[in-house]
Amino acid sequence: MSTLSTAVIEVRTSPHLHTGHSVDQIMRNVVYALLPLCAYAIWLFGISALALIATTTATCVFTEHIFCRLAHKGTTVGDYSVAITGLLLGLVLPPGMPLWMAVVGGFIAVGPGKMLFGGLGFNAFNPALVGRAFLQAAFPVAITSYTPAHALHRFSQWIPSSLAWPLMKAPPLADWMAKVRVDAFTGATPLMLEKFEHITTNTWTLFSGGRAGSAGETSSILILLCGAYLIARKMMDWRIPAAMLSSAFLVATVFHLTDPQKYPSGAFVLFSGGLLLGAMFMATDPVASPVTPLGMWIYGALMGLITDLIRFEGGLSEGVMYAILLGNAVSPLIDKVTQPRPYGARKRLRAMA
Amino acid sequence: MGLLTTIAGKRLWRGVHVPEFKEQTCHLPIRRLPFAPMLVVPLSQHTGAPATPIVRERQEVVRGEPIANATGFVSVPMHSPATGRVERIALAPSARGELTQAIYIRPYPSASQEVLYGAPQDIEHMTADEIIKAVQATGVVGLGGAAFPTHVKLKVPEGKKIDTVVVNGCECEPYLTSDHRVMLEHPGEVLHGARVVMKAIGAPRAIVGVEDNKMDAVEALRKANGAASDIQIQAVPAKYPQGAEKMLIKVLLDREIPSGGLPADVGVGVSNVATLAQVGELLPRRQGLIERVVTITGPAVTKPGNYLAAIGTPVRWALEQAGCTDQTASVILGGPMMGASIGSFDVPITKGVTGILVLTRQEVNGNGHIFPCIHCASCVNICPMHLNPSQLGMLARKGRYEEMAADFNLNDCFECGCCSYVCPSHIPLVQYFRVAKQMNRERKARA
């Protein structure tokens with residue numbers, strides 16, 4: 001009786017239960033899922049990859065913190081979303097990317113790419129890709145200068161371009177590559193080899209990794225496993241990667257069947273370049289992708305198609321980045337035309353104003 | 001949907017799996033709660049016009065005697081929950097926070113508390129209109145929480161034909177087990193009530209929908225039903241909010257109530273099992289609703305269980321009987337997903353109270369920091385009404401309430417709470433929607 005007369009009860013609105021999931025928990029798990037990719041990248045490319053990923057991550061975190069301070073609000077780096085941006089940016093750059101360019105990329109990704117839009121939840125584009133797109137436009141040579149995996153002395157020697165001085169010409173990589181190259185490993189990515197020299201890399205190499213490419217994109221199996229972890233924990237929507245990968249595969253297969261000499265097979269398209277990494281970790285950025293179930297399928301399919309078109313018919317060997325950025329750009333439109341049909345209603349919800 | 005149903009059976013596709021917390025009370029038989037020293041019977045415990053009192057202060061009443069008459073068709077009478085004396089007719093706190101008129105009755109401690117009021121009536125020979133009148137006289141309202149007068153639902157609208165009565169035994173809210181116990185202990189009354197309803201609305205068949213976490217209740221009902229073929233007992237996979245009538249009708253019959261419509265629009269009448277059990281028990285005896293089964297449970301309750309409580313029992317008395325620890329931090333009438341937390345222990349148990357849930361500080365502080373919407377689509381994926389809570393939430397934050405109703409079917413939202421439950425950003429979506437609806441109502445009233 002006494003307990004009730006002294007009890008203070010709080011009035012709250014229903015529901016009084018919650019799953020316990022939170023944004024920072026989801027983001028933290030994405031970071032966990034990216035760490036194996038980082039570790040593998042470092043194993044393949046050595047201290048340059050380590051320094052690259054560390055630099056992009058530190059720059060991104062620092063930039064977000066500074067922007068929060070400038071806006072006179074509490075820092076939001078604690079929600080881990082900026083760490084994802086930093087890690088991803090490091091993973092989609094060539095391992096020998098000059099570190100000062102990585103700093104620029106990190107700043108562009110988080111500053112204009114995220115914080116100027118309003119921070120987490122408001123960015124129209126995936127911030128890491130905004131950073132990469134900027135670097136691609138600003139430093140087209142550096143961002144296509146790939147180095148071989150498993151280079152000799154990779155844990156004791158830098159890839160020479162890593163430590164290039166800001167705004168100075170990076171040292172040419174050819175001499176260095178001649179020295180450290182093991183076996184037939186080449187500095188060109190399988191996509192470049194296929195597109196410019198018509199050399200097809202076998203699918204197992206693509207699948208397992210151990211090839212030239214951006215730091216984090218080489219091992220298909222590792223990317224699939226890390227993505228599966230997030231999907232299993234319901235922290236990532238499986239429909240987007242499923243749609244993007246199947247669309248890229250199907251479109252490539254159609255191309256391949258029309259002209260097997262000119263176009264690579266669907267499996268090659270699937271496991272080469274950054275398609276898997278992009279589909280799993282960048283296209284799925286919830287902020288910049290549609291929320292409707294049908295919209296997710298359309299969005300994924302569209303990105304798969306654009307990837308193939310750029311790879312096959314464009315001037316670049318890789319098309320994932322622009323495909324995802326284009327997908328991000330049209331995702332509000334996709335949402336608009338794919339609103340669900342509510343229970344008991346005859347037509348879909350009216351499009352957004 | 002037809003194909004999916006064929007493959008996977010009848011089930012609710014949207015919605016959420018919530019932890020049940022039912023094991024604390026589901027195996028405990030219904031016990032009677034002692035009479036409180038003062039019972040407070042509000043005149044408005046139901047949807048519709050408040051009842052009109054027909055007793056004076058200081059008048060003596062016997063248990064079961066009518067103490068207030070229905071005011072019009074959408075209203076029900078009240079009956080005295082105890083033999084005693086009307087102390088006063090005055091304002092009393094309600095679950096919604098406002099004060100409402102109530103009849104205060106002090107039970108006589110030495111009275112036998114026998115229900116002397118009532119007279120048998122033969123339902124077999126009654127017409128539909130007579131049954132409707134008789135059901136109104138019992139004062140029964142929807143005991144599943146909505147408290148909508150039951151007899152009103154028996155009046156089939158002009159030009160409509162009802163072919164199926166859906167009996168709602170889902171009890172999908174976590175913690176609550178009162179319907180479960182009623183089905184288990186009074187299956188005959190439930191089925192009898194269902195047949196009364198079928199007769200009144202002229203439906204040839206009824207389907208009892210029970211979630212499969214209550215298979216013992218399904219067995220009890222099947223046993224009580226025997227070989228009768230007019231009532232079918234159907235177990236459905238447990239999922240919240242299957243107990244919402246729109247969801248249950250979709251699951252059992254694959255029919256969708258049109259937006260803004262009623263079950264009668266698709267030829268269905270829906271009643272909750274506890275409601276039907278009361279109809280089945282009270283109608284043949286021409287008695288009134290004076291008590292109901294209430295689940296009193298939660299982490300802060302020391303003697304959780306299902307209690308048969310007199311209508312008008314103050315929550316304070318009920319919780320004193322069931323025992324509360326000093327961890328009591330929030331008291332909720334109903335389940336944790338849709339129930340309202342109350343601000344006073346003096347709120348009485350009314351006809352629509354399915355349970356009293358007492359949470360500790362630990363559960364109450366659960367939500368934490370609100371993040372911006374990250375468009376994760378969790379809410380869109382689970383909204384049982386197939387709305388877009390993410391978009392509605394964004395419009396609500398900008399105060400664009402009219403747009404929410406006009407373009408995004410705000411008024412179809414029945415506030416089940418699934419979106420708030422899953423939101424990783426902890427955005428109080430349902431609360432936003434409640435505010436938006438209220439603002440729209442007020443704007444309309446001004447216009």
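This text goes with the structure placed above it.
Residues numbered from 1 in each chain as written. Chains lettered and ligands numbered in written order. Predicted model: local features only at pLDDT ≥ 70, side-chain atom pairs only at ≥ 80, totals over all residues.

Participant: How do you make sense of the overall build of chain B when you look at a structure like this?
Facilitator: When its secondary structure is counted, chain B shows 15 helices and 17 strands. Overall size of chain B, expressed as C-alpha extent along the three principal axes, is 65 × 50 × 50 Å. By the burial criterion, 57% of the 447 residues in chain B qualify as buried. Of all intrachain contacts in chain B linking residues separated by at least 6 positions in sequence, the fraction that spans at least 24 positions is 72%. (Helix = DSSP H or I, 4+ residues; strand = E, 2+ residues; numbered from the N terminus. Buried ≥ 20, exposed ≤ 12 C-beta atoms within 10 Å, placed from the backbone. Contact = placed C-beta atoms within 7 Å.)

Participant: Sorry, what's going on with the environment of Leu410 of chain B here?
Facilitator: Residue and element names in this part refer to chain B. Along the chain, Leu410 turns up in the loop between helix H13 (401-408) and helix H14 (418-422). Residues Leu410 and Gln242, spaced 168 residues apart in sequence, show a C-alpha to C-alpha distance of 20 Å. Leaving out residues up to four positions away in the same chain, Leu410 has contacts with Leu392, Met404, Ala405, Phe433, Ala436 and Lys437.

Participant: Hey, could you run me through the interface of chain B and chain A in this one?
Facilitator: How big an interface is tends to be expressed through the accessible area that disappears when the partners come together. Contacts between the two partners involve 62 residues from chain B and, on the opposite side, 40 residues from chain A. It is strand E15 (residues 328-333) of chain B that provides the largest number of residues to the side of chain B that touches chain A, a total of five residues. Considering only residue class, the side of chain B that touches chain A consists of 31 nonpolar, 23 polar and eight charged. (Nonpolar A, V, L, I, M, F, W, Y, C, P; charged D, E, K, R; others polar.)

Participant: What am I meant to see in the packing of helix H4 (residues 81-91) of chain A against helix H6 (residues 127-138) of chain A here?
Facilitator: The axes of two packed helices give the description: the angle between them and the distance between them. Residues and elements named next belong to chain A. Look at H4 against H6: their axes get within 8 Å of each other, and the N-to-C directions meet at 40°. One way to sum up the angle between H4 and H6 is to call them oblique. The handedness of the crossing between H4 and H6 is right-handed. Between H4 and H6, the residues in contact are Thr85, Leu88 and Leu89 and Pro127, Ala128, Gly131 and Arg132, respectively. (Axes fitted to C-alpha atoms, helices over the stretch in contact; angles between N-to-C directions. Parallel < 35°, antiparallel > 145°, perpendicular 65-115°, else oblique. Left-handed = near helix turned anticlockwise from the far one by under 90°.)

Participant: Any chance you could explain the sheet that holds strand E5 (residues 66-69) of chain B here in plain terms?
Facilitator: Sheets are built from strands that pair by backbone hydrogen bonding, the pairs being arranged parallel or antiparallel. The three strands lie next to each other as E3-E5-E6 (chain B), forming an open sheet whose pairing is antiparallel. In this open sheet, the two strands that pair with only one neighbour each are strand E3 (52-53) and strand E6 (78-79) of chain B. (Pairing = 2+ DSSP bridges.)

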